[in-house]
Every structure is written in C-alpha cells, then in structure tokens.
Amino acid sequence: MLNAIINITNLRLRTYIGFNQEEREKKQDVVINIEIHYPADSACETDQVDQALNYKVITKSIIELVESGHFLLLEKLVADILAKCHQHESVTYARVSVDKPHALRFADSVSLTLEWRKPNL
C-alpha cells in the first residue's frame, strides 16, 4: 500500500480566539499546520484526479470554519479543524497544530496539536 502524506504548511488565517473581552472583539492571527494521510495506490496507478484526496476542498472548508468562527479555547479550534480533515472517508490519519502568535508576552507563540487515527488501523 502506498501511503500518501499531504502537508499543509503555515496556513495563516484570522479568527476570534480566546475568552478575554479583547480577544472576543478583535480577530487574531493563527498559523495552522496540517498533516493528512490516505492510501494513494489508485491515484498513483491511474493518474486520475478523482482517485486523489482533494486538499483544496479540505483547505477551503477549514478557511471558512476558522474565519467565520468564534472560539474560546484553542482546543476547540484545533478539534474542529481536525474534524474537517478526517470527514473524508479515505483519510486514515490527521494531525493539526495551531499556533497563536503573541499569546504570551515573551514567547513567539503558543500552539496546540491534536491527532486522529482511523479506528482499526
């Protein structure tokens, strides 16, 4: 089996994230990194678009989710993005990390990572 790994690197979006009053009123930058695995045997053999995982569709749904959303916790934001990644039947594993730049005064960012694996693999 050929296991394809798609990486979406440094997707920079803006959303409402946090529970402080200022955070709930002003969008903040987030940086998203995504890793998605799926079996690519058919795509590699046939060179047919319909046999590959369409990462543009996934990315567009994530952009819509993040930019239109309001999140109190980084955990909820990451979990919702992760759910968008593995809603596609062929996905066997997904990992999402979200950085919240400038969340701490003396740090470049704070990040949270969640991963999902298809049961019985």
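Thresholds, definitions, all that
- Residues numbered from 1 in each chain as written.
- Predicted model: local features only at pLDDT ≥ 70, side-chain atom pairs only at ≥ 80, totals over all residues.
- Heavy atoms only, no water.
- Pairing = 2+ DSSP bridges.
- Helix = DSSP H or I, 4+ residues; strand = E, 2+ residues; numbered from the N terminus.
- Contact = heavy atoms within 4.5 Å.
- Axes fitted to C-alpha atoms, helices over the stretch in contact; angles between N-to-C directions.
- Parallel < 35°, antiparallel > 145°, perpendicular 65-115°, else oblique.
- Left-handed = near helix turned anticlockwise from the far one by under 90°.
- Nonpolar A, V, L, I, M, F, W, Y, C, P; charged D, E, K, R; others polar.
- Expected span 1.5 Å × (residues − 1).
- Buried < 20%, exposed > 50% of the residue type's maximum accessible area, 1.4 Å probe, protein only.
- Arc of directions from axis to C-beta.
- Polar contact = N/O pair within 3.5 Å; in protein donor to acceptor, adjacent residues only side chain to side chain.

When you look at the sheet that holds strand S5 (residues 109-117) in this model, what are you seeing that I'm missing?
The strands that make up a sheet are held in pairs by hydrogen bonds between backbone atoms, and each pair lies either parallel or antiparallel. Pairing is mixed across the open sheet formed by five strands, whose spatial order is S3-S1-S2-S4-S5. Edge positions in the sheet fall to strand S3 (70-71) and S5, since each has one partner strand and no second. Where strand S4 (residues 93-101) meets S5, nine bridges bridge the pair, whose relative direction is antiparallel. Pairing of Val98 across the sheet is with Leu112, part of S5. With respect to the sheet, helix H3 (residues 55-68) is in contact with strand S1 (3-17), strand S2 (28-39) and S3, its orientation differing from that of S1 by roughly 20°. On top of the sheet, helix H4 (residues 74-86) reaches S1, S2, S3, S4 and S5; it is set at about 40° to S5, its chief contact.

In this structure, what is going on with the pairing of S1? I would like to understand it.
A regular strand carries its side chains on alternate faces of the sheet. As judged from the eleven bridges shared by S1 and S2, these two strands associate in the antiparallel manner. Across the sheet, Ile5 pairs through a bridge with His37, a residue of S2. Inspection of the sheet shows S1 paired to S3 by two bridges, in the parallel sense. Looking at the pairing, Ile17 lines up with Phe71 of S3.

I tried to follow the packing of H3 against H4 on my own but got confused; where do I start?
Each pair of packed helices can be summarised by the angle the axes make with each other and by the distance between the axes. Two elements in contact, H3 and H4, have axes separated by 9 Å at closest approach and are oriented at 155°. Here H3 is positioned roughly antiparallel relative to H4, judged by the angle of their axes. Crossing hand, H3 versus H4: right-handed. Contacts between H3 and H4 involve Ile58, Ser61, Ile62, Leu65 and Val66 from the first element and Leu77, Asp80, Ile81, Lys84 and Cys85 from the second. Along the lines of polarity and charge, the residues of the contact of H3 with H4 split into seven nonpolar, one polar and two charged.

Can you help me understand the environment of Glu64 in this one?
You can see Glu64 is positioned in helix H3. Placed 49 residues apart in sequence, Glu64 and Thr113 show a C-alpha to C-alpha distance of 20 Å.

I tried to follow H3 on my own but got confused; where do I start?
A turn of α-helix holds 3.6 residues, and therefore any two residues three or four places apart point the same way. The end-to-end C-alpha separation of H3 is 20 Å, in line with the 20 Å expected for 14 residues at 1.5 Å each. All buried positions along H3 are accounted for by Ile58, Thr59, Ser61, Ile62, Leu65 and Val66. Projected down its long axis, H3 shows its buried positions confined to an angular sector of 165°, all on one face. Facing away from the buried surface of H3 by more than 90 degrees, the exposed residues are Lys56, Lys60 and Glu64. Its buried side turned inward, H3 meets S1, S2, S3 and H4. The N-cap of H3, judged by a side-chain oxygen 3.0 Å from the amide nitrogen of Lys56 a few residues on, is Asn54.

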